[in-house]
Amino acid sequence: MSYDKVTVPEEGEAISLADEETGELDVPSNPVIPIIHGDGIGSDVGPAAQQVLDAAAEATGRSIAWMRVYAGSAARDMYGENLPEDTVSAIREHRVAIKGPLTTPVGAGFRSLNVALRKRLDLYANVRATYYLDGVPSPVTNPEAMDMVTFRENTEDVYAGIEWESGTDEVEQVREFVEAEMGVDDIIHDGPVGIGIKPITEFGSKRLIREAIDYALANDRDSVTLVHKGNIMKFTEGAFRDWGYELADEEYGEDVLSEDALWEEHDGDQPDGTVVVKDRIADNMLQQVLTRTEDYDVIATMNLNGDYFSDAAGAQIGGLGIAPGINRGHGRALAEPVHGSAPKYAGQDKVNPTAMILSGREMLEYLGWSDAADLVRDAVEETISSGKVTYDLHRQIEGGEKLATSEFADAIVENIDELA
Ligand code: NAP
């Protein structure tokens, strides 16, 4: 395939699909990996992550052939548009990619490029691993109790962008339809209104929950918790929960138990190799994760709950500078940090690249390079626990050495070389 303005690196090989049904990949030892540095601090954290991932790949006998692709302001300069076809095609073709943050204007302006990328590539699960690294300052007493992976549905919910602006003909048509045709009386106040729609489908819910259960089984996790607000939004969030239990029942046999079955059939003693599926109401879950952190393991939830929940969980183990993510679909993945483009720090060689580096670690895991992924985690932990940190962690710890983004990346690479 040829691209308009980007070149495929000559030294790399393409990743391909090994199994159509499971989405399993065939990964060469020198894959071509597209990378978007992104807006704002993307130009700081992007190169830092590349440097660390290169070192981990090299230390484990592999290499990464990076293919720079563009979105956001860099794409506007090069192509005159925010999300060029080159970029989407490169990620689609090469299957596994990584990106830095992209700016989204609030209110007016273009819609989120992050959401557009996830939708166009059908990356339906946003997966956020939340685990404690020794030495990272945390606002809670036992941050080491946190070791969770959140699967957030990425394509549906009020996030899908089905909404109409107040004052438009369209929003008045929608109001007319729900009031006159659907009998919704006395709920929407008179005067200007914005209306959004919350689609939650059986297909979208089940494929997300399946991804979470498969992950839990493959990684020896104890439980998958379905987080919902089904007590209030019965036909959307309540349906998500019901479809989750239905899926567990239909597809997993004795490998997956409900909480009731765990107590009724096994007296609370979970058989080895099984996963318990349970559910919690979202507001309760936000406090449970603080008070009973160790009870939670893999989380499966819808788009909006997942956004709030994973940021709150991330805060418990050190906040935005640390929190990694990866968007996954059937045999495709796009890793990205949870944080945004923090424009006020752009180009200052100041911010923490850990979230982008650990997103790269999730990408290495997705490639099946667990040894390289472990090396990245251990080297990041070793660096931070020795007191070498960027400004954000430095202001929260006593002593320590405040490093620039690039110096911090150098320190991690030194530790990779020592640990390898
Ligand atoms: P943000 O860019 O994440 O920054 C908020 C604050 O978080 C920063 O001021 C900084 O706090 C801290 N922070 C973020 N990243 C950090 C890092 N790597 N190292 C250290 N501290 C870090 O959130 P925002 O200001 O709400 O959003 C800015 C833009 O990013 C918006 O256009 C938004 O839409 C976009 N965004 C994009 C993504 C994405 O690409 N996936 C995600 C979220 C937001 P202190 O100033 O206190 O140090």
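The structure presented is a predicted model; accordingly, all values stated were derived computationally and were not measured. (Residues numbered from 1 in each chain as written. Predicted model: local features only at pLDDT ≥ 70, side-chain atom pairs only at ≥ 80, totals over all residues. Heavy atoms only, no water.)

1. Some thoughts on the overall build of the chain
Thought 1: The helix and strand tally for the chain stands at 14 helices and 17 strands.
Thought 2: A compact globule built from 420 residues would reach a C-alpha radius of gyration of about 22 Å, and the chain, at 22 Å, matches this within 12%.
Thought 3: Dimensions of the chain, computed from C-alpha atoms along their principal axes, come out at roughly 65 × 60 × 50 Å.
Thought 4: Counting across all 420 residues of the chain, residues that qualify as buried make up 53%.
Thought 5: Sequence-distant contacts in the chain: of pairs separated by 6 or more residues, those separated by 24 or more amount to 73%.
Thought 6: Taking the average location of the 34 positive side-chain charges in the chain and that of its 80 negative ones, the two points are 5 Å from each other. (Helix = DSSP H or I, 4+ residues; strand = E, 2+ residues; numbered from the N terminus. Rg over C-alpha atoms; globule rule 2.2 N^0.38 Å. Buried < 20%, exposed > 50% of the residue type's maximum accessible area, 1.4 Å probe, protein only. Contact = heavy atoms within 4.5 Å. Lys, Arg positive; Asp, Glu negative; His and termini not counted. Charge placed at Lys NZ, Arg CZ, Asp CG, Glu CD.)

2. Focus on the side chain of Thr 354
Thought 1: Mapped onto the elements, Thr 354 comes out in helix H11 (residues 354–367).
Thought 2: At 2.6 Å, the side chain of Thr 354 forms a polar contact with the side chain of Asn 352.
Thought 3: In contact with Thr 354, not counting residues within four places along its chain, are Gly 321, Ile 322, Val 380, Ile 384 and Phe 408. (Polar contact = N/O pair within 3.5 Å; in protein donor to acceptor, adjacent residues only side chain to side chain.)

3. Observations concerning the site of the ligand
Thought 1: In the vicinity of the ligand lie 23 residues, with Thr 104, Gly 340, Ala 342, Tyr 345 and Tyr 391 positioned nearest.
Thought 2: Between the ligand and the protein, one listed contact pairs an oxygen atom with a backbone N or O atom of Leu 102 at 2.8 Å.
Thought 3: Here an oxygen atom of the ligand and a backbone polar atom of Ala 342 are 2.7 Å apart.
Thought 4: Considering the ligand on its own, with 880 Å² of exposed area, one finds that the protein chains cover 71% of that surface. (Near = heavy atom within 4 Å. Areas by Shrake-Rupley, 256 points an atom, 1.4 Å probe, with all protein chains shown as cover.)

4. Considering the layout of surface pockets
Thought 1: Empty space within the largest pocket amounts to approximately 1200 Å³.
Thought 2: Glu 211, Asp 214, Tyr 215, Arg 328 and Tyr 366 are the residues nearest the centre of the largest pocket, which is lined by 37 residues in total.
Thought 3: Of all elements in the fold, only strand S2 (24–26), strand S6 (125–131), strand S7 (147–153), helix H6 (202–218), strand S14 (326–329) and H11 reach the threshold of two or more residues within the lining of the largest pocket.
Thought 4: With eight residues, H6 is the largest single contributor of residues to the lining of the largest pocket. (1 Å grid on protein atoms, 1.4 Å probe; cavity = no way out; pocket = protein on both sides within 12 Å on 5 of 7 lines; lining within 4 Å. Points joined across faces, edges and corners; volume = space filled by probe spheres on them.)

5. Section: the packing of H11 against helix H12 (residues 370–385)
Thought 1: Running from N to C, H11 and H12 point in directions that differ by 160°, and their axes come no closer than 7 Å. Our classification of the angle between H11 and H12 gives roughly antiparallel. When the axes of H11 and H12 are compared, the crossing they make is left-handed. Touching Thr 354, Ile 357, Leu 358, Arg 361, Leu 364 and Glu 365 of H11 are Ser 370, Ala 372, Ala 373, Asp 374, Val 376, Arg 377, Val 380 and Ile 384, all from H12.
Thought 2: When its residues are assigned to classes, the contact of H11 with H12 shows eight nonpolar, two polar and four charged. (Axes fitted to C-alpha atoms, helices over the stretch in contact; angles between N-to-C directions. Parallel < 35°, antiparallel > 145°, perpendicular 65-115°, else oblique. Left-handed = near helix turned anticlockwise from the far one by under 90°. Nonpolar A, V, L, I, M, F, W, Y, C, P; charged D, E, K, R; others polar.)

6. Looking at the pairing of strand S13 (residues 298–301)
Thought 1: Alternating residues of S13 divide into Val 298 and Ala 300 and Ile 299 and Thr 301, and every residue in both groups is buried.
Thought 2: With four bridges joining them, S7 and S13 adopt parallel strand pairing. From the neighbouring strand, Thr 150 faces S13, where its bridge partner is Ile 299.
Thought 3: In the sheet, strand S10 (residues 223–228) pairs with S13 via four bridges, with the strands oriented parallel. Across the sheet, Leu 226 pairs through a bridge with Ala 300, a residue of S13. (Pairing = 2+ DSSP bridges.)

7. What to know about the pattern of salt bridges
Thought 1: For the structure on display, the rule yields 25 salt bridges.
Thought 2: Across the salt bridge formed by Glu 365 and Arg 361, the nearest N and O atoms sit 3.8 Å from each other. With Glu 365 and Arg 361 both in helix H11 and four residues apart, this pair spans about one turn of that helix.
Thought 3: What makes Glu 365 partly exposed here is its relative accessible area of 31%.
Thought 4: Since its relative accessible area comes to 9%, Arg 361 is described here as buried.
Thought 5: One network of salt bridges, with partners in common, ties together Arg 128, Arg 152, Asp 307 and Asp 311. (Salt bridge = Lys/Arg side-chain N within 4 Å of Asp/Glu carboxyl O.)

8. Things to note about unusual backbone geometry
Thought 1: The backbone phi angle of Arg 95 is positive, close to 75°, even though this residue is not glycine.
Thought 2: Within the secondary structure, Arg 95 sits in the loop between helix H3 (85–94) and strand S5 (96–99).
Thought 3: The phi dihedral of Asp 186 is positive, around 55°, even though this residue is not glycine.
Thought 4: Its place among the elements puts Asp 186 in the loop between helix H5 (169–181) and strand S9 (195–196).

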